[in-house]
Amino acid sequence: MTLGNRHKRQVPIREGLFTMPLYPTEQVRLVGSKCHTCGELSLGTVSSCANCTGEDMEEITLSRRGKLWTYTVIRHRPPGNYKGPDPFVPFGLGLVELPEGVRVLSPLTGCDVDNLKIGMDLELVVDKLYEDADGNEVMAFKFKKEIL
Ligand SMILES: [Zn+2]
């Protein structure tokens, strides 16, 4: 972390995904939406339920810790407008189960892809993914292996 980051504007990669402000990043949490009609949980702020189309939604703050539910390893650079490291570094892509009962698709970090294990403890990391054309830091998230 450098002092310079403090003065750059940080914007979420998707509106309604994070608690605000986005700095310090250690205090940022993911936001979810709970449907009062059927109980379905979704990631981010949504105005209607993906399961039952109900509109009685409550915004909830999600835990920073979860467990790896399943994963795959991305070994080749994804096509299109990939914003990750260049040259490409293989990474795990997992479904992370949070205590609230929602599973979040997320890149995985903090350990070698060969050491990923279903059920391992993971912790949210909010980080700059890239800088946009206006010099804003576009903030995204991943989950890293939790050091216990
Ligand atoms: Zn619903």
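Residues numbered from 1 in each chain as written. Predicted model: local features only at pLDDT ≥ 70, side-chain atom pairs only at ≥ 80, totals over all residues. Heavy atoms only, no water.

What's the story with the overall build of the protein chain in this structure? I'm lost.
Within the protein chain, the regular secondary structure consists of 0 helices and 9 strands. Its C-alpha atoms give the protein chain principal-axis dimensions of roughly 45 × 35 × 35 Å. Taken across its 148 residues, the protein chain has 37% of its residues classed as buried. Accessible surface computed for the protein chain: about 9000 Å², of which carbon and sulfur atoms make up 50%. Each charge class in the protein chain was averaged separately, 18 positive and 20 negative side chains, and the resulting centres sit 5 Å apart. (Helix = DSSP H or I, 4+ residues; strand = E, 2+ residues; numbered from the N terminus. Buried < 20%, exposed > 50% of the residue type's maximum accessible area, 1.4 Å probe, protein only. Areas by Shrake-Rupley, 256 points an atom, 1.4 Å probe, with all protein chains shown as cover. Lys, Arg positive; Asp, Glu negative; His and termini not counted. Charge placed at Lys NZ, Arg CZ, Asp CG, Glu CD.)

Can you walk me through the nonpolar core in this structure?
The nonpolar side chains of a soluble globular protein tend to be buried, and buried together. By size, the foremost hydrophobic cluster in this structure holds 25 residues, and its most contacted members are F18, L30, F141 and F143. At the level of secondary structure, the elements contributing two or more residues to this core comprise β3 (41-43), β5 (65-74), β7 (103-109), β8 (121-131) and β9 (137-145). Once residues lying within four places of it in the same chain are set aside, the contact partners of L30 are L17, F18, L43, I60, T61, L62, V104, L124, F141 and F143. (Core = buried A, V, L, I, M, F, W, Y, C linked by side-chain atoms within 4.5 Å. Contact = heavy atoms within 4.5 Å.)

Sorry, what's going on with the coordination of the zinc ion here?
Where a metal carries four tetrahedral donors, each ideal angle is 109.5 degrees; where it carries six octahedral donors, the ideal angles are 90 or 180 degrees. At the metal site, the zinc ion is ligated by C35 (SG), C38 (SG), C49 (SG) and C52 (SG), and these contacts range over 2.3 Å. Given 4 donor atoms and angles of 104 to 115° at the metal, the environment of the zinc ion is assigned as tetrahedral. Counting along the primary sequence, the residues that act as donors to the zinc ion give the motif C-x2-C-x10-C-x2-C. Looking at C35, the relative accessible area reads 1%, which means it is buried. (Donors = N, O, S within 2.8 Å, 3.2 Å for Na, K, Ca; no water. Tetrahedral: all angles 85-135°; square planar, octahedral: opposite > 155°, others 65-115°.)

Is there a simple way to explain the packing of aromatic side chains in this structure?
Tallying each qualifying case throughout the model produces 5 aromatic pairs. One aromatic cluster is present, formed by F18, F141 and F143 through successive ring pairs. It is K83 that lies over the ring of Y130; its NZ or CZ is 4.3 Å from the centre. (Phe/Tyr/Trp six-rings, centres within 6.5 Å; stacked < 30°, edge-to-face > 60°. Lys NZ or Arg CZ within 6 Å of the ring centre and 35° of its normal.)

Help me understand the pairing of β5 in this model?
The side chains of a regular strand alternate, first on one face of the sheet and then on the other. Relative to β8, β5 runs antiparallel, the two being bridged by 3 bridges. What sits directly across from K67, in β8, is D121. Direction of pairing for β5 relative to strand β6 (residues 91-97): antiparallel, over a ladder of 7 bridges. Note that in β6 the partner of L68 across the bridge is V96. (Pairing = 2+ DSSP bridges.)

Help me out: how do you make sense of the sheet that holds β3 in this one?
If you trace the 3 strands from one edge of the open sheet to the other, you get β3-β2-β4, paired in antiparallel fashion. Strands at the two margins of the open sheet, each flanked by one partner only, are β3 and β4 (57-61). Adjacent strand axes in the sheet meet at a mean angle of 30° when their direction is disregarded. Direction of pairing for strand β2 (residues 31-35) relative to β3: antiparallel, over a ladder of 3 bridges. Within β3, the position partnered with G32 by the bridge is L43. (Axes fitted to C-alpha atoms, helices over the stretch in contact; angles between N-to-C directions.)

Could you clarify how one ought to interpret the side chain of N136 in this entry?
Mapped onto the secondary structure, N136 falls in the loop between β8 and β9. The buried category is assigned to N136, whose relative accessible area is 13%. Not counting residues up to four positions away in its chain, the partners in contact with N136 are R9, V11, Y130 and E131.

So what exactly am I meant to see when it comes to the side chain of Q10 here?
On the secondary structure map, Q10 appears in strand β1 (residues 10-12). For Q10, the side chain forms a polar contact with the side chain of E137, separated by 3.0 Å. (Polar contact = N/O pair within 3.5 Å; in protein donor to acceptor, adjacent residues only side chain to side chain.)

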